[in-house]
Amino acid sequence: MSKGEGVKPSRIDPKFRYEVAKMLGGRDVLQCFQCGTCTSDCPVSRFSEKYRPRYIIRMVQLGLKERVLNSDFLWLCASCFTCTDRCPQGVEVANVIRTLKNMTAMEGRIPEVFKVILGNLVKTGYIYRIPDSRIKRREELGLPPLSKVNIEGLNKSLQNIGIGEILKEVLQKGGEVDMWV
Amino acid sequence: MGVSQRYLIYLGCVIPYRVSSYEVSARRVLNKLDVELVEMPEFNCCGLPLEPLSHKLTLILSARNLAIAEQTGLNILTLCPGCAGTLKKTSRELKESRALMEEVNKHLGESGLEFKGNLEVKHVSQVLIEDVGLDKIKKSIVRPLRSLRVAEHSGCHLSRPKKHIGFEDPENPQALKMLIGVTGAKAIEYVGETECCGSTIAAIDDKVSLSLVREKLLHVREAGADALITICPACHIMYDVNQSRAEKMFGEKYNVPVLHYTQLLGLAMGMQPEELGFEELRVKPIKLLEKIQSSR
């Protein structure tokens, strides 16, 4: 977080908080009174210099739309829901942060890894491409075969949900990242 | 007990992708406990990993699974707490808002499906405690693991957010401790028991997620545990598969074996490590197995 850096009034969107509050899961943003319980109990904040849930909520309240939606720290929320469970105001902090990520995604801006797992989903039904070696290993271990996903049916259900651009992009290109190793 | 002991098993993505040790051991111990597992006719990702992208996408994905499952008339058992939590949350959210339910059903209707909201979803630990019962599990134990002291890690999504999950107290988790207790092993207390494994941000910030892994493993080792016991495939990957990556990043050695609870239970039921997917574990629990052998 930059210190003492002023924000020009022209870069403030006074209606942003209401925009967020209207979104599914975003309503609570107006209830936050900035006590900081979320940040002090956040496992990620203990190891990250830049991730502070309290700041994120405050930025929304102040109308710093561009700055918060363009930030990379937004994507550091681990969705552990500790903040949500401990907020004395009952704010579903993790849901508000998710809402902000969703708003960014609707503008087509998401970290690459989400494009990869979305690509896998629309092609296989799972977020990973399960390699043939694993399918074979299942047999060796005596595990039942994986059911075949009705991809056409799945994709029909995913139309018109506000992420059309990204869906189009991932359907066209391949891509693979190993998320774990 | 009057509770159905027949469930649809919902695997999710992580388990078929790379955690068969959990699946193999879970199927074996559940079979031993007369819990019958029926395969899902079809399923897709529960939607949890894609929630940062679009909440609506998550709702549709999990409602699709629920709609498919509802046609069988059986309740769902999952091995992954993330899947259980997401399916539960979706069910609840849709039942609370008629408008949202109608909207999601419009999407599902495109391929002839409909979510009605009339089935229950339980994580395997919830099934073991509420439906099978500790007494029945206790009766299945032929080799109590009295020589073992282990640390439990329930993971976040088994109980958080509390309001939506309603199983377990996230601030003082007891379910896994009780389940460990019936195997004869001792579940020890340690610092940072309820801390997150960092799995969900592993692909976003390696350093932060591995720092969480490091901290957990140091605390578990400090407490003198013979192993860390998990009931989540994602947590297991972080502590087992990624343990060597954390060791490399921080220039340390942890040597903490990480077992799925179902593997621990299987051992206590007298099953052999080979039957429980032990060969798939990255951190070999050699000392732990020796300890069990020598205490017989």
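Only a predicted model underlies this, so the values are computations on that prediction, with no experimental measurement involved. (Residues numbered from 1 in each chain as written. Chains lettered and ligands numbered in written order. Predicted model: local features only at pLDDT ≥ 70, side-chain atom pairs only at ≥ 80, totals over all residues. Heavy atoms only, no water.)

> Run through the domain arrangement of chain A, naming residues and quoting values.
If you check the domain split of chain A, you get domain 1 (10-106) and domain 2 (112-172). For domain 1 of chain A and domain 2 of chain A, the distance between their C-alpha centres works out to 30 Å. (Domains from an automatic or database assignment.)

> Describe the environment of Y128 of chain A, naming the residues involved and giving the relevant values.
All names here are of chain A. Within the secondary structure, Y128 sits in the loop between α8 (112-124) and α9 (132-140). Taking relative accessible area as the criterion, Y128 reaches 3% and is therefore assigned buried. Counting along the chain gives 118 residues from Y128 to S10, while the straight-line C-alpha distance between them is 43 Å. (Helix = DSSP H or I, 4+ residues; strand = E, 2+ residues; numbered from the N terminus. Buried < 20%, exposed > 50% of the residue type's maximum accessible area, 1.4 Å probe, protein only.)

> Hey, could you go over helix α6 (residues 124-132) of chain B for me, with residue numbers and the actual values?
Residue and element names in this part refer to chain B. Along α6, eight of the nine residues are buried, which leaves the element largely enclosed by surrounding structure. Listed in full, the buried residues belonging to α6 are V124, S125, Q126, V127, L128, I129, D131 and V132. Taken from the residues just after α6, G133 is the one with a positive phi, measuring 90 degrees.

> Can you lay out the packing of aromatic side chains for me, pointing to particular residues and giving the numbers?
Throughout the structure, instances matching the rule amount to four aromatic pairs over all chains. Between the aromatic rings of W75 of chain A and F114 of chain A, the centroid separation amounts to 5.4 Å while the plane-to-plane angle is 45 degrees, which identifies the pairing as tilted. One end of the pair, W75 of chain A, is in the loop between α5 (65-69) and α6 (82-86); the other, F114 of chain A, is in helix α8, with 39 residues separating them in the sequence. Taken together, Y126 of chain A together with Y10 and F43 of chain B form an aromatic cluster joined through their ring pairs. In this arrangement the basic side chain of R214 of chain B is found over the ring face of F250 of chain B, its NZ or CZ atom lying 5.4 Å from the centre. (Phe/Tyr/Trp six-rings, centres within 6.5 Å; stacked < 30°, edge-to-face > 60°. Lys NZ or Arg CZ within 6 Å of the ring centre and 35° of its normal.)

> Which residues make up the pattern of salt bridges, and what values go with them?
For the coordinates displayed, the defined rule picks out 35 salt bridges over all chains. Note that E23 of chain B is salt-bridged to R138 of chain A, the shortest N-O span being 2.7 Å. Here E23 of chain B, found in helix α2 (residues 20-32), pairs with R138 of chain A, found in helix α9, and the two come from separate chains. Members of the salt-bridge network, linked through shared partners, are D41, D85 and R86 of chain A together with R160 and E171 of chain B. (Salt bridge = Lys/Arg side-chain N within 4 Å of Asp/Glu carboxyl O.)

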